[in-house]
Amino acid sequence: GAITAKIADNAGIAGSKLGTDAVLKVYQHSISTQSAANDRTTGTLYNSTGLFLTITPRSSASKFLVRFDGAGHHGTAGEFIVANIVVNPTSSTNINTEMSGGTLITTTAYGMAQVYTAVGNAVGQLSGSILHSPNTTSPVTYNVVFKSHNSGSAYWAINNGFTTITAMEIGG
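Residues numbered from 1 in each chain as written. Predicted model: local features only at pLDDT ≥ 70, side-chain atom pairs only at ≥ 80, totals over all residues. Heavy atoms only, no water.

It is not clear to me how the pairing of strand S6 (residues 113-117) should be interpreted in this structure. Could you clarify?
Remember that side chains alternate between the two faces of the sheet whenever the strand is regular. Burial along S6 is one-sided: Ala113, Val115 and Thr117 are buried, while Gln114 and Tyr116, pointing the other way, are not. Looking at chain direction, strand S4 (residues 79-87) and S6 are connected through five bridges and run antiparallel. Bridging across to S6, glutamate 79 finds its partner in threonine 117. (Buried < 20%, exposed > 50% of the residue type's maximum accessible area, 1.4 Å probe, protein only. Helix = DSSP H or I, 4+ residues; strand = E, 2+ residues; numbered from the N terminus. Pairing = 2+ DSSP bridges.)

The structure is reproduced here in structure tokens:
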């Protein structure tokens, strides 16, 4: 007769046996805490949103499809709130902590997502996703960070809005 088994319950079936490009595991972290204003004009400019994941890849060939979603606010006309992901920051991932160390996923001025305000007090959805290959079996931290572009005050999770970061580990 046929044998039926749940792959997730069978330790004898390693992730590598699921094949290249198979989703091995899904991770998620959600918070609903509004940040303090980020209005710095010197330094790294990015603050942690408090939204992060620390994951130990199953193999050095694993890739991660990482996505974040959250509402942002900027109070100054002609300015942007910018969101990005920093990989392996040396600073704390606690909300409102100024980011230091690590590697930004993109180094463009406008990060992975941005909202512009023409008249001030803009609220908008900030979402971004990327397929990242950390090439390691050591723990990897993905921290969502935000800043004000040029001047004014930017806020993450305005009005304590629901925010998430999700990562899918994909076999390599």
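Would you mind going over the side chain of lysine 147 with me for this structure?
Residue position: lysine 147 is located in strand S8 (residues 140-149). Of the side chains with opposite charge, glutamate 79 comes closest to the buried, unpaired lysine 147, at an N-O distance of 9.9 Å. Those residues in contact with lysine 147 that lie beyond four places of it in its chain are Asn38, Leu45, Tyr46, Phe80, Ile81, Val82, Ala109 and Ala154. (Lys, Arg positive; Asp, Glu negative; His and termini not counted. Salt bridge = Lys/Arg side-chain N within 4 Å of Asp/Glu carboxyl O. Contact = heavy atoms within 4.5 Å.)

What am I meant to see in the pattern of salt bridges here?
A side chain of one charge can pair with a side chain of the opposite charge if their charged atoms are brought near each other. Summed over all chains, the structure comprises three salt bridges. Between glutamate 98 and arginine 40 there is a salt bridge whose closest N-O contact spans 3.6 Å. Placement of the pair is glutamate 98 in the loop between S4 and strand S5 (103-104) and arginine 40 in the loop between strand S1 (23-31) and strand S2 (47-55), with a sequence separation of 58 residues. Between arginine 67 and aspartate 69 there is a salt bridge, and its shortest N-O distance comes to 2.9 Å. Residue classification places arginine 67 among the partly exposed positions, given a relative accessible area of 37%.

Would you explain the environment of valine 66 in this entry?
Here valine 66 lies in strand S3 (residues 63-74). On the basis of relative accessibility, which here comes to 1%, the residue valine 66 falls in the buried class. In this structure valine 66 touches Ile85, Gly128, Ser129, Ile130, Tyr142, Ile165, Thr166 and Ala167, once residues within four positions along its chain are discounted.

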